[in-house]
Structure formats: structure tokens, C-alpha cells
Amino acid sequence: MSRLIRTFAVLSVFGLAVGCSSAADVDEASVAGARSKDPARATSFWVDPASPAAEQIQLWEREGRKHDAALLKRIADQPTALWPAGELDPGPVIRAATASARQEGRTPIFVAYDIPHRDCGQHSAGGAADADAYRAWIGKFAEALGDSKALVVLEPDAVAHMVDGCTPGEYQGEREQLLSGAVVRLKQQSGTTVYLDAGNPAWIQDPWKLVEPLKRAGVEEADGFSLNVSNFQTDDVTKKYGVQLSKDLGGKHFVVDSSRNGNGPLAGAWCNPPGRGLGTRPTTDTGEPALDAYLWIKRPGASDGTCEGGPDAGQWWPEYALELARNSKA
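Residues numbered from 1 in each chain as written. Predicted model: local features only at pLDDT ≥ 70, side-chain atom pairs only at ≥ 80, totals over all residues. Heavy atoms only, no water.

Participant: Sorry if this is basic, but what is going on with the overall build of the protein here?
Facilitator: When helices and strands are tallied, the protein shows ten helices and six strands. Here the protein holds 330 residues, and the buried ones make up 60% of them. When contacts within the protein are restricted to residue pairs at least 6 apart in sequence, those whose partners lie at least 24 apart make up 74%. Carbon and sulfur atoms form 47% of the exposed surface of the protein, whose accessible area is close to 12300 Å². (Helix = DSSP H or I, 4+ residues; strand = E, 2+ residues; numbered from the N terminus. Buried < 20%, exposed > 50% of the residue type's maximum accessible area, 1.4 Å probe, protein only. Contact = heavy atoms within 4.5 Å. Areas by Shrake-Rupley, 256 points an atom, 1.4 Å probe, with all protein chains shown as cover.)

Participant: Could you clarify how one ought to interpret the pattern of salt bridges in this entry?
Facilitator: Where charged atoms from two side chains of opposite charge approach closely, those side chains can pair. Counting across every chain of the model gives twelve salt bridges. In this structure, Arg-106 and Glu-104 form a salt bridge, with 3.6 Å as the shortest nitrogen-oxygen distance. Beyond isolated ion pairs, a larger network of salt bridges with shared partners links Arg-65, Asp-68, Glu-319 and Arg-326. (Salt bridge = Lys/Arg side-chain N within 4 Å of Asp/Glu carboxyl O.)

Participant: Hey, could you run me through the pairing of strand β4 (residues 224-227) in this one?
Facilitator: Moving residue by residue along a regular strand, the side chains alternate between the two faces of the sheet. Two strands pair when backbone bridges link them, and strand β3 (residues 192-197) and β4 are joined in this way by three bridges, in the parallel orientation. Counted as the bridge partner of Asp-197 is Ser-226 from β4. Read as a crossover between parallel neighbours, the route from β4 over helix α9 (residues 235-248) to strand β5 (residues 253-257) is right-handed. (Pairing = 2+ DSSP bridges. Right-handed = clockwise from strand over helix to strand, strands pointing away.)

Participant: When you look at unusual backbone geometry in this model, what are you seeing that I'm missing?
Facilitator: Apart from glycine, the bulk of residues carry a negative phi angle, and the bulk of peptide bonds sit in the trans form. Residue Glu-155 is not a glycine yet carries a positive backbone phi of 50°. Topologically, Glu-155 is positioned in the loop between β2 (150-154) and α6 (158-163). What makes Glu-155 buried here is its relative accessible area of 1%. If you check the backbone angles, Asn-272 has positive phi at about 50° while not being a glycine. Position of Asn-272 relative to the elements: it lies in the loop between β5 and β6 (291-295).

Participant: Just to check I follow, could you spell out helix α5 (residues 131-145) for this structure?
Facilitator: An α-helix turns once per 3.6 residues; consequently, residues spaced three or four apart project the same way. Counted at 1.5 Å a residue, the expected span for α5 with its 15 residues is 21 Å, and the 21 Å between its end C-alpha atoms agrees. Inspection of α5 places Ala-131, Tyr-134, Trp-137, Ile-138, Gly-139, Phe-141, Ala-142, Ala-144 and Leu-145 among the buried residues, and these make up the whole buried set. Residues of α5 that are buried sit in contact with α4 (91-104), β1 (109-112), β2, α7 (169-187) and β3. For α5, the N-terminal capping position is held by Asp-130, with its side-chain oxygen 3.2 Å away from the main-chain nitrogen of Asp-132. (Expected span 1.5 Å × (residues − 1). Polar contact = N/O pair within 3.5 Å; in protein donor to acceptor, adjacent residues only side chain to side chain.)

Participant: I would appreciate a short explanation of the packing of aromatic side chains in the present structure.
Facilitator: Aromatic rings considered in pairs are described by the distance between their centres and by the relative angle of their planes. For the structure on display, the rule yields six aromatic pairs. Note on Trp-83 and Tyr-113: the rings are 5.8 Å apart at their centroids and 90° apart in plane angle, and the pair reads as edge-to-face. Remark: Tyr-113 occurs in the loop between β1 and α5 and Trp-83 occurs in the loop between α3 (66-76) and α4; sequence separation between them is 30 residues. Tyr-113 matches Trp-83 in its accessibility class, with the two residues each being buried. Relative to Phe-254, the ring of Phe-225 lies with its centre 5.3 Å away and its plane at 10°, an arrangement referred to as stacked. Of this pair, Phe-225 sits in strand β4 while Phe-254 sits in strand β5, placing them 29 residues apart in sequence. Note on accessibility: Phe-225 and Phe-254 belong to one class, buried. Taking NZ or CZ as reference, Arg-65 lies 4.0 Å from the ring centre of Trp-60, over its face. (Phe/Tyr/Trp six-rings, centres within 6.5 Å; stacked < 30°, edge-to-face > 60°. Lys NZ or Arg CZ within 6 Å of the ring centre and 35° of its normal.)

Participant: Got a minute to help me understand the side chain of Asn-261 in this structure?
Facilitator: In this structure, Asn-261 sits in the loop between β5 and β6. Judged by relative accessible area, Asn-261 falls into the buried class, the value being 4%. In contact with Asn-261, other than residues within four places in its own chain, are Asn-228, Phe-232, Gln-233, Thr-234, Asp-235, Gly-277, Gly-279 and Thr-280.

Participant: Which parts of the structure should I look at to understand α4?
Facilitator: With 14 residues, α4 ought to run about 20 Å at 1.5 Å a step, and its terminal C-alpha atoms sit 20 Å apart, in line with that. Every buried residue of α4 is accounted for by Gly-91, Pro-92, Val-93, Ile-94, Ala-96, Ala-97, Thr-98, Ser-100 and Ala-101.

Participant: Help me understand the sheet that holds β2, please; the structure alone is not making it clear to me.
Facilitator: Remark on secondary structure: sheet strands pair via backbone hydrogen bonds, oriented parallel or antiparallel. The six strands lie next to each other as β1-β2-β3-β4-β5-β6, forming an open sheet whose pairing is parallel. Where the open sheet ends on each side, the last strands, each with one partner, are β1 and β6. Sheet twist, expressed as the average angle between the axes of neighbouring strands with direction ignored, equals 25°. In the sheet, β1 pairs with β2 via four bridges, with the strands oriented parallel. Along β2, the bridge assignment pairs Phe-110 with Val-152. (Axes fitted to C-alpha atoms, helices over the stretch in contact; angles between N-to-C directions.)

Quick look at the structure:
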């Protein structure tokens, strides 16, 4: 199955969601480790055996960089989320991952990231050509999940970009309809848990501003919302924010991306900031009833964009991954 996942991995895009006020990036991934009573905790999460980090380890071992290869295991051994490429059929990637995960009794993590007018034309510009194309893509995404266990983070940045005004007003009604329709479609799959993205605490600083937009986008039909995708806000800050937003939403649960927040944010920098470190390893042991899990939704080592010497948004950047691993406190 490892070869199969590797073959389909080339069909996936390491996207990058950039937020007008803050950033949230995107890539391909898988996630390990957990248990509990809540939907997100039903089984442990799946680790991609052919992730970029795993392949980089093999290369560095052949080159004699054994110490660096060992450090990179801090990433390769953890689950991170798969981001099937937008504008392409997501089915092959999803079916391959769910088949592998099912054999191991684990749950894969996916990110659906193909909303029209994506990322306000910034680093991760693109997305489906129109509403019909998006509905068709989400339909293929959901169909490929079948009845397998899966956790889906839906459209990083899409709601927050409406709140901060980056997404023009003429697109917002359609976007809300597409998001709410996507939630309904994904929830038709019996094993799928859906978290609608809500940005991060440094972006929309007053959580109440997200409440009505999230409701119009279907959060009440979803299992909850996601925070800090591809960003660097600390666990404490994000948890406090999430708990308040949860209360404002009548008790909705949430998940937090802790993939790169070990050293917190760097003031004034969201794109490949130096000196960052891996954060809390994926776990459902959060100590907060409303917080279902810390997850690595962003793949550590995927570039935020062509800044600080990085490659294009979403592309694997091994030296940045190594820095994150070196600075890990986990």
C-alpha cells in the first residue's frame, strides 16, 4: 500500500491558504493517535507511510545525513492531513488513503480546499472554476470516502476571508451556500466527521464576529470547527479563543492545528517565519471537553510561499522541515 499512496501522492497539491490578515496554509498529510467518546476520537489517526518527510529520511540516510534523518522522524512518525488537489479528481488519493487506513483500523485526516475565488488571489489562488464545478468536486470527494472513517477539515480560510472583507461581497452569498452544501454532502457519509474552518485568533480577533457567518456556512450541521490551520498561534491562546467561540455557537466542538506552533508566532511574519518549532503532537487528550483534538493539519515542511528563500506555496522544503524538527519541544 505504501507504493500505492506514493503513486497517488503526486496527484495531491500542497496548497497554502494565506488569510488577508493572517495566514493559514495547506498541504497534503495524514494523522496518528487517539481515542475517545466523541466522533473525532473514535479511532486512532492514520500515518502516511510515504509522506514527503518519510521519503526525505530515506534520501538523507543514503547520503549519510543520518542525524538529520533521525530528527526528521519527529515529523514522519506523526499523522498529518492529506490535501487532495483541487480542480482534479480527489477520488484516487482518498480511496488509497482510506483503504490503507482501514487495514490498520485507523482514521485518515483530509482537507477539502477548492472553494471558488480561493485565497483572494494570493499564494494559494485558484479553486473550482464556478459553483457547479465545486459541487461536482465535493461530490467526488464525499463519494470516495464511502463509509470509511474519516475526518475532514473543510475549506481553510473561506469563512474568515468573508469576515475580514478579503473575499468580495458579491461572492459571499454563493460561498456560504457552497460551504453549507458541502457540509451536508460530506455528512451523508456515515463515517465522516466534518470541521468547518474558522481561521485563527490573530486573524479575526473577536470570535463573535465569526458566529453568524459560520452558521450561514453550515457549522450547525457540521461536527464543529477548526482553528489555527497553517498558523503559529500557541495552544493556550487558540484553546481560549476556541472555547469562547464554542460557547457562542451553543457548544460546538473544535480541533486545533498544532503542527508548527511550538515556539508560537513571530511578530509581523506569517510566511515561512524562521525559528519556529513543531507543536503538540496529534492527540485527543486535550484537557478541554470542547476541544476534540490537537492535529497536524498543515504538513510541517510545506512552504508557505516564495518568502524567506522558500519554494512555491505548498511545496516540500526539507531544510525548513528540519528546522522545525530541531526546534521541537515535544
